[in-house]
Amino acid sequence: MDRQIIVTGGAGYIGSHTVIELLKEGYEPIIIDDFRNSKPFILDRITEISGETPIHYSVDCTDEEAMMAIFEKHPNLLGIIHFAADKAVGESVTNPLKYYQNNVGSMAVVLKGMAKYNLEHLVFSSSCTVYGEPDQAEVTEDSPVREANSPYGHTKIICEKMIRDVFASGAAIKGTLLRYFNPIGAHPSARLGELPQGIPNNLVPYITQTAKGIREQLTVFGDDYDTPDGTNIRDYIHVVDLARAHVLALNWSLNQSQTFYEAFNLGTGKGSSVLEIINTFEKVNQLKLNYQIGERRAGDVVQIYANGNKAKEVLGWECEYDISAALKHSWEWEKGLE
Ligand code: UFG
């Protein structure tokens, strides 16, 4: 009973994989997810993989009353891993208020609930988008937080500041910010993975849908950047490695005697270009992808990858999978989807 942890967005892409890893480590995740960006069958898959059925509430995380009722009902909570948020960069540009209302609004409710119910441990889903266009491609946690390239990015910066300000006010909070680079891949069982809504924004789901014939052709957004092959460079990280980092972050937080506010980069430390991702996908899955080179996409950072030393040294986190494994798992997952 004393290993209970709330996981908002626990039916989502990273959330569901984290729930699996938490269960493996003997935690008791309590999922809050209203399926706006997931599907109920994901919960069945969690049970199928883990043999356990976590408690689940279908609640909007900005609904303060409903959220407080959940905290009230579970008096032995350790804290919260807060994933729930809208995440489509392009949509955030056309509908910014949706992003401010949901992402910032739910963060406020989570922090209020933590104060009211004396919950100490918070692990927050942040993003490398907080570094904006960095001076150097490799970023450490001390690299400056810059103007992000979208309202979505701004909400991540604001949420980080909210946690910092609450910490600075003297609240008994242990706040861990996990700054994700580009999560890809799926559970090796091919029973859990990403469920993009509509036309995917992100590269890998677009690739797998093109390979499956759902999309006709992939467009590479620009090959005239100042990088070795002219395409953008990102740090693609397997979702299971990312999920494991959340468990290690929680373990570490539980071992700290003082309150803190700490950010960690979660990336492999290795940059890959768009063309490298395409070529690797073709090679590991032995197929040809229909793609063309197109115009640059507005707002794309030229290149960014993590310096992941802090997560390695402090949390003891190591990546198990490379992009080949991740792109194989993404394809296995896509093939199994109806
Ligand atoms: N890309 C294409 N074609 C596509 C889709 C993407 O060429 O159809 C390219 C992009 O131009 C970029 C790379 O693939 O160079 C990766 O693009 P994604 O959209 O998959 O990922 P981003 O790096 O743009 O976005 C990610 C996260 C966001 C976060 C952002 C911060 O998805 O949540 O990093 O930089 F805000």
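Scroll up to find the structure this text is about.
Residues numbered from 1 in each chain as written. Predicted model: local features only at pLDDT ≥ 70, side-chain atom pairs only at ≥ 80, totals over all residues. Heavy atoms only, no water.

### Things to note about the site of the ligand
(1) Moving on: In the vicinity of the ligand, 19 residues are found, and the nearest of them are Leu203, Thr219, Asn232, Arg234 and Asp300.
(2) Moving on: The contact in question runs from an oxygen atom of the ligand to an N or O atom on the backbone of asparagine 201, over 3.4 Å.
(3) Moving on: Between arginine 234 and the ligand, the recorded distance is 2.6 Å, taken from a side-chain N or O atom to an oxygen atom.
(4) Moving on: Protein burial of the ligand: of its 680 Å² of free accessible surface, 91% is covered by the chains.
(5) Moving on: Elements represented by at least two residues in the shell around the ligand include exactly α7 (203-212) and β9 (218-221).
(6) Moving on: No other element matches β9, which puts 4 residues into the shell around the ligand.
(7) Moving on: Tallied by class, the residues present in the shell around the ligand amount to 9 nonpolar, 7 polar and 3 charged. (Near = heavy atom within 4 Å. Polar contact = N/O pair within 3.5 Å; in protein donor to acceptor, adjacent residues only side chain to side chain. Areas by Shrake-Rupley, 256 points an atom, 1.4 Å probe, with all protein chains shown as cover. Helix = DSSP H or I, 4+ residues; strand = E, 2+ residues; numbered from the N terminus. Nonpolar A, V, L, I, M, F, W, Y, C, P; charged D, E, K, R; others polar.)

### A word on the pairing of β9
(1) Moving on: Where burial is concerned, the two faces of β9 differ: the one with Leu218 and Val220 is buried and the one with Thr219 and Phe221 is not.
(2) Moving on: As judged from the 4 bridges shared by β9 and strand β14 (residues 291-294), these two strands associate in the parallel manner. Each bridged residue has a counterpart across the sheet, and for phenylalanine 221 the counterpart in β14 is glycine 294. (Buried < 20%, exposed > 50% of the residue type's maximum accessible area, 1.4 Å probe, protein only. Pairing = 2+ DSSP bridges.)

### Looking at the side chain of glutamate 21
(1) Moving on: Along the chain, glutamate 21 turns up in helix α1 (residues 13-24).
(2) Moving on: By relative accessible area, glutamate 21 is classed as buried at 7%.
(3) Moving on: Other than its neighbours up to four places away in sequence, glutamate 21 contacts Val240, Ala243, Arg244 and Val247. (Contact = heavy atoms within 4.5 Å.)

### Quick word on helix α8 (residues 239-254)
(1) Moving on: The end-to-end C-alpha distance of α8 is 23 Å, a good match for the 22 Å that 16 residues give at a rise of 1.5 Å each.
(2) Moving on: With respect to burial, α8 is a largely interior element, 12 of its 16 residues being buried.
(3) Moving on: Every buried residue of α8 is listed here: Val239, Val240, Asp241, Leu242, Ala243, Ala245, His246, Val247, Ala249, Leu250, Trp252 and Ser253. (Expected span 1.5 Å × (residues − 1).)

### Focus: the packing of α7 against helix α9 (residues 274-285)
(1) Moving on: Where α7 meets α9, the closest approach of the two axes is 11 Å, and the angle between their N-to-C directions is 40 degrees. Classified by the angle their axes make, α7 and α9 are oblique. The interaxial crossing formed by α7 with α9 has right-handed handedness. Taken together, the residues of α9 that come into contact with α7 (itself represented by Leu203, Val204, Ile207, Thr208 and Ala211) are Val274, Ile277, Ile278 and Phe281.
(2) Moving on: In terms of residue class, the contact of α7 with α9 is made up of 8 nonpolar, 1 polar and no charged. (Axes fitted to C-alpha atoms, helices over the stretch in contact; angles between N-to-C directions. Parallel < 35°, antiparallel > 145°, perpendicular 65-115°, else oblique. Left-handed = near helix turned anticlockwise from the far one by under 90°.)

### What about the packing of aromatic side chains?
(1) Moving on: Taken as a whole, this structure holds 5 aromatic pairs when the rule is applied.
(2) Moving on: Summarising the aromatic geometry, the rings of phenylalanine 167 and tyrosine 261 are spaced 6.2 Å apart at their centres and angled 20 degrees between planes, so their arrangement reads as stacked. One end of the pair, phenylalanine 167, is in helix α6 (residues 151-168); the other, tyrosine 261, is in strand β12 (residues 260-266), and 94 residues separate them in sequence.
(3) Moving on: In this structure tyrosine 261 comes out as partly exposed when scored by relative accessible area, which is 24%.
(4) Moving on: The structure contains a cluster of three or more aromatic residues connected by ring pairs, namely Trp252, Phe260 and Phe264. (Phe/Tyr/Trp six-rings, centres within 6.5 Å; stacked < 30°, edge-to-face > 60°.)

### A word on the packing of helix α3 (residues 64-73) against helix α5 (residues 96-116)
(1) Moving on: Where α3 contacts α5, the two axes come as close as 10 Å, and the packing angle between them is 35 degrees. Between α3 and α5 lies a crossing whose hand is right-handed. Contacts between α3 and α5 pair Glu64, Met67, Met68 and Phe71 from the former with Val109, Val110, Lys112, Gly113 and Lys116 from the latter.
(2) Moving on: Tallied by class, the residues present in the contact of α3 with α5 amount to 5 nonpolar, 1 polar and 3 charged.

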